[in-house]
Amino acid sequence: MKFKIILIISIVSLLCNIFLVYNLIDRSISLAYSRQSVDNCSNDLSLLTAVVKSELNGKDKKHIQQQFMAEGLNHSLLIKNNIIYLGNTEFIFNDGILIDVK
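Everything numeric here is computed off the predicted structure, so don't read it as measured data.

Draft legend 1. Seen up close, the overall build of the protein chain. Secondary structure summary: the protein chain contains 2 helices and 4 strands in total. Going from the N terminus to the C terminus, the protein chain shows its helices and strands as α-α-β-β-β-β. Seen through its C-alpha atoms, the protein chain measures out along the principal axes to roughly 90 × 25 × 20 Å. Every one of the 102 residues in the protein chain was classed for burial, and the buried ones make up 14%. When contacts within the protein chain are restricted to residue pairs at least 6 apart in sequence, long-range pairs at least 24 apart make up 32% of them. Looking at the protein chain as shown, the accessible area adds up to about 8,200 Å², and 61% of this sits on carbon and sulfur atoms. Of the charged side chains in the protein chain, 10 are positive and 9 negative; the average position of the first set lies 15 Å away from that of the second.

Draft legend 2. Spotlight on the pattern of salt bridges. This model, assessed by the stated rule, comprises 1 salt bridge. Across the pair lysine 53 and aspartate 100 runs a salt bridge whose closest N-O atoms are separated by 3.1 Å. Separated by 47 residues along the polypeptide, lysine 53 in helix H1 (residues 2-56) and aspartate 100 in strand E4 (residues 97-101) bring together distant segments of the chain. For lysine 53, a relative accessible area of 30% gives the class partly exposed.

Draft legend 3. Local environment of H1. Taking 1.5 Å as the rise per residue, H1 with 55 residues should run 81 Å; its terminal C-alpha atoms sit 80 Å apart, in good agreement. Within two residues after H1, glycine 58 carries a phi angle of roughly 90 degrees, on the positive side.

Draft legend 4. How the structure looks around the side chain of threonine 89. As for its placement among the helices and strands, threonine 89 is situated in strand E3 (residues 89-94). In contact with threonine 89, not counting residues within four places along its chain, are Ile84, Val101 and Lys102.

Draft legend 5. Up close: helix H2 (residues 61-70). All of the buried residues in H2 are Lys61, Ile64 and Phe68. For H2, the buried positions fall inside an angular range of 70 degrees around the axis, keeping them on one side. Residues of H2 that are exposed and point over 90 degrees away from its buried face: Lys62 and Ala70. In the core, the buried residues of H2 are packed alongside H1, strand E1 (77-80), strand E2 (83-86), E3 and E4. The first or second residue beyond H2 is glycine 72, which carries a positive phi of 80 degrees.

Rules used throughout
Residues numbered from 1 in each chain as written. Predicted model: local features only at pLDDT ≥ 70, side-chain atom pairs only at ≥ 80, totals over all residues. Heavy atoms only, no water. Helix = DSSP H or I, 4+ residues; strand = E, 2+ residues; numbered from the N terminus. Buried < 20%, exposed > 50% of the residue type's maximum accessible area, 1.4 Å probe, protein only. Contact = heavy atoms within 4.5 Å. Areas by Shrake-Rupley, 256 points an atom, 1.4 Å probe, with all protein chains shown as cover. Lys, Arg positive; Asp, Glu negative; His and termini not counted. Charge placed at Lys NZ, Arg CZ, Asp CG, Glu CD. Salt bridge = Lys/Arg side-chain N within 4 Å of Asp/Glu carboxyl O. Expected span 1.5 Å × (residues − 1). Arc of directions from axis to C-beta.

Given below as structure tokens:
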């Protein structure tokens, strides 16, 4: 009888350990993929920001705002003082002329 109880406890313990190790490995792999996706998005955003900055640098605020609205992005626009926010991207103006994109 003691042997059966010890055997059952050992099997349950082994199964629990296997399940815990599986979860740890699965979470580690998921985290690695998530980090890679964040890095890729960050790199792409940096490249796109550089392209937008070179294309729109020196354009006036009204022209850029009209382009965004023509593309249907007006629901994502927020305009405050000398900055147009498009999502998390800032278009910074000085005297109505675009000087920086962050």
